[in-house]
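# A look at the structure
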Amino acid sequence: MNQQRSLSLNFPQNRDSFSGRDSYRHRQILLNKVKNYWIEGVLEKSLATVATIELGLEERLDAVEGPFRKAWETTSHARKKLAKRMRVIDKFDRMGEGRSLLILGEPGSGKTTTLLEVARELIARAQQDITYKIPVVLNLSSFFEISEEIKPEQVIYRWIVEELESQYQVPKNISQTWIEQQQLLLLLDGLDEVVEEERQLCVKALNEFGRVWGRTETIVCSRTREYEVLSERLRLQGAICLQPLTAEQVDRYLSAAIYLQPEIPEEVDGYFDRAEQQMTALINLLEKDPLLQELTKTPLMLNIIVLAYQGMSAEDLSEQEGKFTSIEQTRKQIFNAYIQRMFFRRGSVQPYSQKQCLQWLSELALRMSRESQTVFLIERIQPSWLQINLKNKFRLPWQKSRKQKTKSYQAYATGVQLLTGSIWGLICLFSFLLAGSPSNFVIGGILAGIFGAALTKIEPIKPVENLKWSWIEVQKWLPVGLLLGTGGFLSAGISWGLFLGLSGVTIAGLIEEEVPDKTIPNQGIWQSAKKAVSFGVGGSILCLVGGAGLEGSIALPYVLSMSIFGSGIVGLILGLLKGGQTCIQHSVVRLMLYLDGAIPWNYSRFLNYAAERNLLQKVGGGYIFIHRLLQEHFVALAREKYQQNIEITTTDAESYLERANTKASLGDAKGAIVDYDKAIAINRHLAHAYAGRSIARYMLGDYQGLLDDYYQTYDLNPQLAQSISYTAVNSTELPQQEATTEIVSSNNPKYLLTLLNDDSNSFDLVCRCLMKYIPDMSLDRARKLAEKVHTEGQAVIWSGTEHLAEVYRTQLIQAGLSLDLCWPDVEEMQENK
């Protein structure tokens, strides 16, 4: 789930005040970071570099909005195969000034690799020509909902400013200038990774941004399925779709992979002969196993299969034949084999057990997925990681993600408040003692501790990496400083008045900023700790010197002693506020995660270990999974673990419902039905239990039971029933269990679902409804059916069992479409006779 972030952009009054030298320096820094992070850190270390595959490209003009779209929307000219050896960068170059492109593809088809290959070429050009636009890679997964008060064209503007500052440490005034002068070349990955509820908003925001800043060149990447279900299209100049690998491409890759393995032993005698035998055995296995053949159509899975089975004997490979009966099962096994292979690829010394590694990587993947994070930075671990109750985070199609204050989060909040309050109390106690007021130090320390704990900020955690003086902040807090100074003057004289007033202004004027470059894991927290220690030690020394002068132990004038002492108190306060508070929060949240078993004690050491084994990749000071599919695999492993830990209260229907939802989301339909039955037995008015059971029955092919449960759900909660989409069972969010579908015979004929023309619903509405409620409905097919309904008055949109036909008919009618009754397929009945 996305973290809500507030943006405060201070637009400069005069952009011309920024020197060209500053802009050029930040330009070079940004280009260097993009190159180091994404090209050298990700692209050149990716699995795709083992052996290069030239991907087939298909132009898809129907995937984007354009001024002439209506002219070609229903013609075959919308799609055409591009010439062999044409690269995406070649297609992009042909578009000219203000170019924009959409890259589509299936999971693992090479979208990100293709985008980074384009980035590599563009960065090289920008480094040679200072007038060339600045290519920058951003991931749309961090797109977040913004207040409706913000104008639509400002949504992406502000998001880019925020991302450039947080990911690349570009000052806001510089990034704003670049955007307004349209000097950026945006390479936006992961549109499909945007939270589903906000994906449509993201597309609208991108279109509005393009309308205002039309000369900003852009490339956007997305999975095909997630993009096609959107009701609004991106307004870009062109679109291409990466094509599945052909059998010829797979054969060429396998032949080359023998000689391009990343680890070739020092003793090469006989190595290539053995490798060739093993590859021959793998090729034979692929020829005999259609499920493996299907997986090899994407470069990622082809790479994974080769690495997973590398080194296996021909006998071991032959045992894999026909072992699995579904794509999901096969993919899961391949990833498990790959992970195990990576653990033992670099010798026998294993600092962690395989069980521990799987647990920690699963926890990381699950939390990154829930927080919509692509790049993980240790210093950005937030208390929200503890707010997520993982037992209740699995969801069926109608459920919304939610956060709960778990026991771990409550323990974190209490710990931070106690530690911070204690430090405030010690500072106050220290100041009273050294200032010569021992009679008040106990009461003062206790009161300061209580108020400090009560006012402690629990979240978010913001590293203090650099400090700079801000006159804007001083002006903002000047009234508070004057108030403190006046109060000190009236209560204790001019010395305390000056001390309190100047101290308040000094503390308020120092603001935090991120370091210009991050290459070390957890660098933000280490920098915060250094700031806290330096202020704390310096403040303590000044307090001792000033206190000694106030007590007459050393010969210092009173005014000078008071100034030194006051400076020491300010140093102690700065040590707490400008670094110490961050370190306390981070340490406590890390401790709670460690006690929960979610992370190891030395997290950076483990993450580096995982990166060495090609499970993670380093991006600057952060980490990413080598591919989103592998991250999703670890998410599934985490779900399996938490499914087993859900506590059940035999008299509580909700606890059975929670466990049933988890089982259904993991594909355990039979186990889910058992728990749904128990929940309904306790509470017969629990609409969500009927809804969940209908999905589980769909997975098992019990369509009569599905129909009964759907109607029961509609009677109890019509809105819930309308939100159910049985096609979601095929998504990665809901792994599908092997179904035991009803046998269709002459006594159980197929029924036709016929859509009628009502001259009221729009073309887009019909397409969206068909894709939402009808299984395996692609955008192309939905458009053709909608066009047929428009021209011929009706069209058969689905055929199957009577009960499923009735369910889909009911859902479409509730969505506002007009349908005929479900009639048996007469032609099929005659053929059977």
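Just so you know, these numbers come straight off a predicted model, no measurement behind them.

### Examining the packing of helix α28 (residues 703–716) against helix α32 (residues 802–814)
- One way to put it is that α28 packs onto α32 with a least axis distance of 8 Å and a crossing angle of 25°. Classified by the interaxial angle, the pair formed by α28 and α32 is roughly parallel. For α28 against α32, the interelement crossing comes out left-handed. Facing α28, whose interface residues are Y703, Q704, L706, L707, Y710, Y711 and Y714, α32 presents H803, L804, E806, V807, T810, Q811 and Q814.
- Taken together, the residues that form the contact of α28 with α32 break down as eight nonpolar, five polar and one charged.

### Focus: helix α12 (residues 299–309)
- The element α12 is extensively covered by neighbouring structure, given that 11 of its 11 residues are classed as buried.
- Where α12 is concerned, the buried positions are P299, L300, M301, L302, N303, I304, I305, V306, L307, A308 and Y309.

### Description of the environment of A660
- With respect to the helices and strands, A660 occurs in helix α25 (residues 653–665).
- Each C-alpha atom, one on A660 and one on A672, is 4.3 Å from the other, the two residues being 12 residues apart in sequence.
- Among residues more than four places away in sequence, those in contact with A660 are A672, D675 and Y676.

### Here we look at the sheet that holds strand β3 (residues 100–105)
- With mixed pairing, the seven strands of this open sheet are ordered in space as β2-β1-β7-β3-β6-β5-β4. Edge positions in the open sheet fall to β2 (79–81) and β4 (134–139), since each of these has one partner strand only. Pairwise comparison of adjacent strand axes, ignoring direction, gives a mean angle of 20° for this sheet.
- Pairing of strand β5 (residues 184–189) with strand β6 (residues 217–223) involves four bridges; the strand directions are parallel.

### Side note on the environment of D677
- Position of D677 among the secondary structure elements: in helix α26 (residues 669–682).
- A residue is classified by how much of its surface remains accessible, and D677, at 33% relative accessible area, is partly exposed.
- Each C-alpha atom, one on D677 and one on A660, is 9.3 Å from the other, the two residues being 17 residues apart in sequence.

### Here we look at the side chain of S141
- Within the secondary structure layout, S141 lies in the loop between β4 and α5 (152–168).
- Of the residues examined, S141 reaches a relative accessible area of 3% and is grouped as buried.
- For S141, the side chain forms a polar contact with the side chain of N139, separated by 2.8 Å.
- Here the side chain of S141 touches T374 through a polar contact of 2.6 Å, side chain to side chain.

### Focus: the packing of aromatic side chains
- The full count for this structure, using the stated rule, is 16 aromatic pairs.
- On the basis of an interplanar angle of 45° and a centroid distance of 6.4 Å, the ring pair of F209 and W213 is categorised as tilted.
- For F209, a relative accessible area of 5% gives the class buried.
- Aromatic side chains W798 and Y808 sit 5.0 Å apart centroid to centroid with 90° between the ring planes, which places their arrangement in the edge-to-face category. Remark: Y808 occurs in helix α32 and W798 occurs in strand β13 (residues 794–800); sequence separation between them is 10 residues.
- Every member of this aromatic cluster is reached through a ring pair, and the members are Y352, W360, F606 and Y609.
- Across from the ring centre of Y227, 5.1 Å away, lies the NZ or CZ of R233, which sits over that ring.

Rules used in this analysis
- Residues numbered from 1 in each chain as written.
- Predicted model: local features only at pLDDT ≥ 70, side-chain atom pairs only at ≥ 80, totals over all residues.
- Heavy atoms only, no water.
- Axes fitted to C-alpha atoms, helices over the stretch in contact; angles between N-to-C directions.
- Helix = DSSP H or I, 4+ residues; strand = E, 2+ residues; numbered from the N terminus.
- Parallel < 35°, antiparallel > 145°, perpendicular 65-115°, else oblique.
- Left-handed = near helix turned anticlockwise from the far one by under 90°.
- Contact = heavy atoms within 4.5 Å.
- Nonpolar A, V, L, I, M, F, W, Y, C, P; charged D, E, K, R; others polar.
- Buried < 20%, exposed > 50% of the residue type's maximum accessible area, 1.4 Å probe, protein only.
- Pairing = 2+ DSSP bridges.
- Polar contact = N/O pair within 3.5 Å; in protein donor to acceptor, adjacent residues only side chain to side chain.
- Phe/Tyr/Trp six-rings, centres within 6.5 Å; stacked < 30°, edge-to-face > 60°.
- Lys NZ or Arg CZ within 6 Å of the ring centre and 35° of its normal.

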